[in-house]
Amino acid sequence: MTSVDAPIKPRSRGGPSRPRAPWHLRANAVVVCWLGLTVVAALAQEGLPAPRWLLIHVFLLGAVSNAILIWTEHFAVTLLHAREPDPRRSLIRLGTLNVGALAVQYGTAVGPWQVAAAGAGAVVAAVGWHAAALAGMARRALPGQFGHVVPWYVAASGTLAVGGTLGGLLVAHVGSGTLHAAHAQVNLFGWVGLTVLGTLFTLWPTILRTRMSALTRRASRAALRLAVPGLTLATGGLLLGMRWLAVLGLAVYAAAVVVALAPLADTVRRRRPHTPAAWMLAAAVVWFQVALVVDLVITFTRPPGEVADALEPLLPLVLVGFVAQTLIGSLVHLLPVVLGGGPARLKENSALLERGWTVRFAMVNLAVPLLALPVPPQVRLLGWAALLGAATAFVALALAALTRERLRTPVASPALAGVVAGCVLTGAAIVVADYDGSAPSMTVTASGAQQTVEVTLIGMRIQPGVIEAAPGTRLTLHVTNNDAQRHDLRLSTGERTPLLGPGESARLEVGVLAGAVDGWCTVAGHSAAGMTMRIVPKGVAAASDPGSHAAHTASAGESLDLAASMSPGWKPYDATLQPAPQEKEHQVEIRVQETDLEVAPGVRQRMWTFNGTVPGPVLRGRVGDVFTVTFVNDGTMGHGIDFHAGALAPDQPMRTIQPGQRLTYRFRADFAGAWLYHCSTMPMSQHIANGMYGAVVIDPPDLPRVNREYLLVQSELYLGQPGSQAQVAKMRQGRPDGWMFDGTVAGYDHAPLPAKARERVRIWMVAAGPDSGTAFHVVGAPFDTVYKEGAYLLREHDPGGAQVLDLAPAQGGFVELEFPEPGHYPLVDHSMRHAEAGAHGMFAVGAP
C-alpha cells in the first residue's frame, strides 16, 4: 500500500513548486468569487429574474464547474507526474467557460435565448477541450498507480457535453419535461458525481493522512465501467420517456457508487475522520447516497415527464448536502496546499479556513432537511439563514486567505485583481435587468418630491392604467396582486417585480421620472390581453407612443392554402364517438401539454392542449354518472379547467394551477346534452383559441342506437405565437385566420368521414368559439332529428325536417340523418365566410 500524501501536493519538473502557486491562486479566486455571487443570488432571491434557476446555475455552472476544471487539471498533472501544461491554454479554457456561463445565465434570465444557447456551446467547447487535454496527458504519461483516476475526469467531461447540449435545447424552447429531467440527471450525477467519486479515491486517504486501500485501483476501474453505462441508460430512458430503462440505468449507477465507496469505507476502518475537511466530505457522501436513493424512488414511481418537477423540492439534498459540502470541504484542505509557503504557512492558512468549522458544519447539515422537507415558511427561513451564514463565513475566510497570499506574493496581484473584477462584472451583468431602450434619454434633475402609488393587478388589468407625476419626482409603486392567478409588473426602464401569487405585494422603485415609462405583465399573453400601464410626466399625453410596448399591434393574418396537401404523417383527429361505457363512475386524467400540431395544410403551430390533441379527450356518460378528473399542469404557465356539464362552486375545482401542480375535479352529470369544457384561466379567449377545449357528451335517456356517431367541435384559428401581441390583436379585432372542425382547417376534406348509404348517422356538435358559433349543415342530406341544448327540436318520423343546427359559442347538440345514396356529401358551417376559411369537410358515403 502506498501513501498518497505526496501525489496531492503541488510539484513541477525541474524546479521548486513556488512558480505554480500564482496560477492556482488566480484560478481559485474565480471559484471564491462565484461562491460569493451564489450568496448574493440567494439573498436577492425574488429580486432577480428567474431567481431559483439563477441561484442553481450561478452555483453549479459558476463555482462548481470552475472548481472542477481547475482541480482536475491539477490532480491529473500531479498524479500522472506529467509535464506542467501551458498556463495560457488553461487560462483560455477557464475564460471560455466563464464567458459561456455568463452568457447562459444572462440569456436565460434576461434574454434573448440565442445568447444562452451560444453560451451553452461555449461551455461544452471549453469542457471538451479540457477533456482532450487530460486524455492527451494520460496517453503521454508513464504507467503509474494513480492513472486510474483520470478516466473519471474524462468521462465526467463527456457527460457535461451531453448535459450542456440538452441545456442549450431547453433554453431554445425545444423539448419537454423529459429533456429537463435528463439534463439535470446527467449534469448532477455525471459532471459533478463522476468527478467527485474519481477524486475521492486519492483525496480521501490524503485528508485522513493514511494509506490508500489495496482495493482502490480495482474498485475504481470496475465502478467506472458501471457508472458510464448506467448514466447512459438513465439519460436515454428519460429522453425516450421509457421509465424502466431510466430506473435500470440509475440502479446500475447506484451499484457503481457502492463499488466506488468500498475502498473509502475500508480506509475509514483504519482511520476515522478527524479534520474539518474529512467530516465535510463524509457528510457530503452520505447526502449523495440519500439523494441517489430518493432519485431512484421518484424515477420508479413517476412518469419521465414528471421526474424533474418531483425532484425540484429535493435539490437541497444534492446542491447543499453533497455538492456544496464537497466543494467547501475540498477547498478547506486544498487551498492551503496550493497557497504554499512551507509548513508554517500551511498550518497558518489551514487554521484560518477552519475557524468555527464545527458551527458551520452543523449549520449546513441542519439547513439541508429544513430546505428539502415540506416545513412551515418560518422554519424554511431558518434553514436559509443557517446555510447563508455558513456560506458567507467561508467566503470571507477564503478571501482573507487569498488576500493575505496576494500581499505576500506581489506578482499575483494584477492577475488576481483582474479575476476579482471579472467576477464583479459577471455578477453585475447577471443581476441587472435588461434595458430595452424605451426609457427616455433626457436628463432630469430630481425635484426632491416623492410619490408612492398603489397599483393593483386584477382581472387582466393594471389599475390605475395611467399614472401621472411631476417631472423629477421619485416614484415608488406598491404593487399588489388581487387576482386569482400569478402576475408581475415590468417597466420599460428595466425594473420588475417578482412573479406575485394571489394576495402578494412588492415595491418597485421607479426612480426619478424623466419621461414616459411603459409597464406590463410578462406572463405569456397577459400584456396582449390588456395588462399594460403607463407612467407619464404631467403635461405629456397618456396615449402610448407608436413604438411603445403597449402599442404593438398585429398585422393581418396569413393566408391559408386549403387545397394544399397535409404533411406526410399527419393524422386527423378521430371524430368517431364511442358508446357511453356501462360504469357509473368515470376516472379521467387530463394533462396540459404544449404541443406542435398541424392546424392547416402545411401549417404547424404550437398549441396549448389537453392531452396533446385539439380538441381534448371526449368524456361520455349518462345522466347521473360521476366523473373524477385528475387535472395535471405539464405546461409552462398557469392553467385551469371548467366543465360546463357539472354543477358546483367554481372556487376550488376551477382555480388556476401552476406548472407541476395537479388538482382533482369531481362532478355529477345531472343533465343530458353536448357540453363544452375549456381552460378557466384568464384571459379565456386566448386559452380557448390556442386549443384548450373539449366536449362532454351525456346521453339523453333512452337514446336510440345508430350505425355511426361522430363528434365535431368547431373553433377559430389564430396563427402566431400563443399569447403574442400580434395573435391577441387578431382575437380582439375578431379576425381569425380560419375556422376548424376538430382542430384542423379543412382537415376532413383531406380525411373524409366514412359512412354508408341508408345507415343512420348521428353527428354531435359543440361550438367552442371562442367568439363565433356555427350554422352546421350537410349538403344533400337533410336532418330528420335535431337535439339542441338538452331538448329535441325535431324527432325522427315527424313530418318536418331541418337544414341547420345553429349553435352559439359554448352550445351543443346533435343531428341525425341518413345518406340517400353513395357519394361525397360536404359538411359545412353555412356562415359562408367560415366555410370558405376552413369550416368545411366531407362525408365519403359508400354503397350499403
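None of these values were measured; they are calculated from a predicted model.

Visitor: Hey, could you go over the packing of aromatic side chains for me, with residue numbers and the actual values?
Guide: Scanning all chains against the criterion turns up 21 aromatic pairs. With 5.7 Å between their ring centres and 40° between their planes, Phe610 and Tyr677 make a pair best called tilted. Taken together, the positions of Phe610 in strand E10 (residues 603-610) and Tyr677 in strand E15 (residues 673-678) put the pair 67 residues apart, joining distant regions of the chain. Assigned by exposure class, Phe610 and Tyr677 land together as buried. One aromatic cluster is present, formed by Phe610, Phe627, Phe631, Phe643, Tyr665, Phe667 and Tyr677 through successive ring pairs. A cation over an aromatic ring shows up here: Arg762 above the ring of Phe814, its NZ or CZ 5.2 Å from the ring centre. Lying over the aromatic face of Tyr792, Arg795 brings its terminal NZ or CZ to 3.8 Å of the ring centre.

Visitor: Go over the nonpolar core, please, and point to the residues and values.
Guide: Leu35, Phe59, Tyr253 and Leu327 are the most contacted members of the largest nonpolar core, which totals 112 residues. Once you skip the residues sitting within four places of it in the chain, Phe59 turns out to touch Leu35, Thr38, Val64, Leu319, Val323, Ala324 and Leu327. Within the second largest apolar cluster, 47 residues are counted, among which are Ala469, Cys521, Met654 and Ala669.

Visitor: Please give an account of the sheet that holds strand E16 (residues 693-699) that cites residues and values.
Guide: In space, the four strands of this open sheet follow the order E11-E16-E15-E13, with mixed pairing throughout. Sheet topology places strand E11 (619-622) and strand E13 (642-643) at the edges, where each strand pairs with a single neighbour. With four bridges connecting them, E11 and E16 associate as parallel partners. Note that in E16 the partner of Gly621 across the bridge is Ile698.

Visitor: An account of helix H5 (residues 113-140) is requested, with residue identities and associated values reported.
Guide: The terminal C-alpha atoms of H5, which comprises 28 residues, lie 41 Å apart, in line with the 40 Å expected from a rise of 1.5 Å per residue. Among the residues of H5, those classed as buried are Ala116, Gly119, Ala120, Val123, Val124, Ala126, Val127, His130, Ala131, Leu134, Gly136 and Met137.

Visitor: Explain the sheet that holds strand E19 (residues 753-756) to me, using residue names and the numbers behind them.
Guide: Pairing is mixed across the open sheet formed by five strands, whose spatial order is E19-E27-E26-E21-E24. Looking along the sheet, the strands with just one partner apiece sit at the ends: E19 and strand E24 (805-807). For this sheet, the mean angle separating the axes of adjacent strands, direction not counted, is 20°. As judged from the three bridges shared by strand E21 (residues 774-778) and strand E26 (residues 823-829), these two strands associate in the antiparallel manner. Counted as the bridge partner of Val778 is Leu827 from E26.

Cut-offs and rules
- Residues numbered from 1 in each chain as written.
- Predicted model: local features only at pLDDT ≥ 70, side-chain atom pairs only at ≥ 80, totals over all residues.
- Heavy atoms only, no water.
- Phe/Tyr/Trp six-rings, centres within 6.5 Å; stacked < 30°, edge-to-face > 60°.
- Helix = DSSP H or I, 4+ residues; strand = E, 2+ residues; numbered from the N terminus.
- Buried < 20%, exposed > 50% of the residue type's maximum accessible area, 1.4 Å probe, protein only.
- Lys NZ or Arg CZ within 6 Å of the ring centre and 35° of its normal.
- Core = buried A, V, L, I, M, F, W, Y, C linked by side-chain atoms within 4.5 Å.
- Contact = heavy atoms within 4.5 Å.
- Pairing = 2+ DSSP bridges.
- Expected span 1.5 Å × (residues − 1).
- Axes fitted to C-alpha atoms, helices over the stretch in contact; angles between N-to-C directions.

This is a description of form; function is not addressed.
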